[in-house]
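Structure assessment
This is what each chain is made of:
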Amino acid sequence: MANAATATVKAIKRDVPFTWAGVDKKGNRIKGKDLAADEQSLRNDLRRRGIIPNKIAKQLTLFNSTGGKVKPEDIALFSRQLATMMAAGIPLVQSFEIVGNGHDKPAVQKLILDIKADVEGGSALHEALARHPLYFDDLYVNLVEAGEQAGALETLLDKIATYKEKTEALKKKVKKALFYPSAVMAVAVIVTVILLIFVIPQFESLFKGFGADLPAFTQFVINMSRWLQNNGIMFAAAIAGVVYAFLYFKKRSRKMRETLDRLVLKAPIIGPILEKAAIARFARTLATMFAAGVPLVEALESVAGATGNIVFENGVMKMRDEVATGQRLQQAMANTQLFPNMVIQMIAVGEESGALDEMSGKVATFYEADVDNAVDSMSSLLEPLIMAILGVLVGGLVIAMYLPIFKLGSVV
């Protein structure tokens, strides 16, 4: 029973950042930062890594946090830093030491130093990365493995860094396209609810002294306010339940996600942006994989998962099956009916000239720029539309409340 309690305490105990100084196996004085549950755990870990610690101190951080989650942009930055270090001729283990100890976020420090410890223990870099699947997907690991096998790890790391930077930039553009209208509409709904619950009842008590029938529009708004006051909690709970059920089934049902992805691609304004983003990710991933020397059939399998849309993922997997039976890539792309003719023709030129990676890269660059322009255009297009919706919602409530006052003024 005591053992179970101890295990539970250890399970919920969170790692905290420490700074340390010590001596390595060669007698060199070194220092660094690490996350650990307590000082003794860190001391034991350092000794396993061949470091004799002389000084260990808990690092003071805001709210005593561990630095938050490791985000995709952190992995992109790590990839660029590691590529730069390797290109400068710095050994891999030393590169990890420099990048890890130089990072401001303790969670990223721990991840990098954990990978460094695995590499020092004799693991290949791709094996060490594969032990952290939440941060390094199969595509990343496969590219690193290809670089190790070809003896050109620094070159592949540079390509990986470029790939991660481009894909993360594209994701930010798509999120920007989705976030702006969603945020404004959410604020509009919140303001409307506040008016209905707190402001409209004040006008209602004022109108009771008029002794006359209220305009139909005003009465409708007052009735809506009463209903929201009486059933607001149940209504909010129902909405929360619907949202939870939607997210629950979306996460577990591939068929539902496929249906949603198909509908989103057909949506006005945002649909074309998401379609161009999927094509850009397809082309960027294909260019990176092919430049790394990965065979086309194997590359297409990784490309399918990187498109970010199940409709395109299924299409690329069909392309892979056709290419595996001897079909040309351009014909397999045409058979899916997902890619514009320009993309197919550029891929065809790349196949015929033996420069598929270069042509795919040009396609990716073109569509990434196109997505950027489309997001800016969409923002300009939606601004007047959103203002109109806000005006109808808030202005309609204001007009409804002032109509009886105007009517009373005309009678007087």
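Computed from a predicted model, the values in this text were never measured in an experiment. (Residues numbered from 1 in each chain as written. Predicted model: local features only at pLDDT ≥ 70, side-chain atom pairs only at ≥ 80, totals over all residues. Heavy atoms only, no water.)

Next up on the list: the overall build of the protein chain. Helix and strand counts for the protein chain stand at 16 helices and three strands. Over its C-alpha trace the protein chain gives a radius of gyration of 29 Å, far above what one expects of a compact globule, namely 22 Å for 412 residues. Structurally, the protein chain occupies a C-alpha span of about 95 × 65 × 40 Å along its principal axes. Looking at the protein chain residue by residue over its 412 residues, the buried ones come to 40%. Total accessible area on the protein chain stands at roughly 22,900 Å², and carbon and sulfur atoms take up 61% of it. Across the protein chain, the 47 positively charged side chains and the 41 negatively charged ones have centroids separated by 7 Å. (Helix = DSSP H or I, 4+ residues; strand = E, 2+ residues; numbered from the N terminus. Rg over C-alpha atoms; globule rule 2.2 N^0.38 Å. Buried < 20%, exposed > 50% of the residue type's maximum accessible area, 1.4 Å probe, protein only. Areas by Shrake-Rupley, 256 points an atom, 1.4 Å probe, with all protein chains shown as cover. Lys, Arg positive; Asp, Glu negative; His and termini not counted. Charge placed at Lys NZ, Arg CZ, Asp CG, Glu CD.)

Since the α-helix advances by 3.6 residues per turn, residues separated by three or four positions end up pointing in the same direction. Taking 1.5 Å of rise per residue, the 13 residues of helix α7 (residues 138–150) would be expected to cover 18 Å, and the 18 Å separating its terminal C-alpha atoms lies within 8% of that figure. Taken together, the buried positions of α7 are occupied by L139, Y140, V141, L143, V144, A146 and G147. Residues of α7 that are buried make contact with α3 (72–87), α6 (125–130), α8 (153–207), α11 (270–291) and α12 (296–306). Just beyond α7, the residue with positive phi is G151, at close to 70°. (Expected span 1.5 Å × (residues − 1). Contact = heavy atoms within 4.5 Å.)

Before going further, it helps to examine the pattern of salt bridges. One pass over the full model with this rule turns up 17 salt bridges. We note a salt bridge from K276 to D370, for which the minimum N-O separation is 3.4 Å. One end of the pair, K276, is in helix α11; the other, D370, is in helix α16 (residues 356–411), and 94 residues separate them in sequence. On the basis of relative accessible area, K276 is assigned to the partly exposed category, the value being 23%. Take D370: its relative accessible area is 21%, and that puts it in the partly exposed class. (Salt bridge = Lys/Arg side-chain N within 4 Å of Asp/Glu carboxyl O.)

Counting through the fold element by element, Q330 comes out in helix α14 (residues 329–336). Q330 sits in the buried class, given a relative accessible area of 19%. Among residues more than four places away in sequence, those in contact with Q330 are I344, A348, E351 and E352.

Turning next to the packing of helix α10 (residues 254–266) against helix α13 (residues 310–324). Between α10 and α13, whose axes approach to 8 Å, the crossing angle comes to 105°. By the criterion of interaxial angle, the relationship of α10 to α13 is roughly perpendicular. Here α10 contributes R254, R257, E258, D261, R262 and L265 to the contact with α13, which in turn contributes I310, V311, F312, E313 and N314. Within the contact of α10 with α13, the residues separate by chemical class into four nonpolar, one polar and six charged. (Axes fitted to C-alpha atoms, helices over the stretch in contact; angles between N-to-C directions. Parallel < 35°, antiparallel > 145°, perpendicular 65-115°, else oblique. Nonpolar A, V, L, I, M, F, W, Y, C, P; charged D, E, K, R; others polar.)

Here we take up the packing of α7 against α8. Across the interface, α7 lies against α8 with an axial gap of 8 Å and an inter-helix angle of 155°. The angle between the axes of α7 and α8 places the two elements in the roughly antiparallel class. Where α7 crosses over α8, the handedness of that crossing is right-handed. Where α7 abuts α8, its residues L139, Y140, L143, V144, G147 and E148 lie against L153, L156, I160, Y163 and K164. Classifying every residue of the contact of α7 with α8 gives eight nonpolar, one polar and two charged. (Left-handed = near helix turned anticlockwise from the far one by under 90°.)

Before going further, it helps to spend a moment on the environment of M319. Structurally, M319 is set in helix α13. Here the alpha-carbon distance between M319 and A400, two residues 81 residues apart in the chain, equals 58 Å. Here M319 is in contact with F282, L300, L329, A332, M333, T336 and F339, once residues within four sequence places are set aside.

Per-residue pLDDT for the protein chain has a mean of 81; in total, 91% of the residues score no lower than 70. Predicted confidence for residues 1–13 stays below pLDDT 50, and this span has two contacts to residues more than four positions away or in other chains. The model gives residues 61–66 a pLDDT under 50, and that stretch makes eight contacts with residues more than four places away or in other chains. (pLDDT = per-residue confidence, 0-100.)

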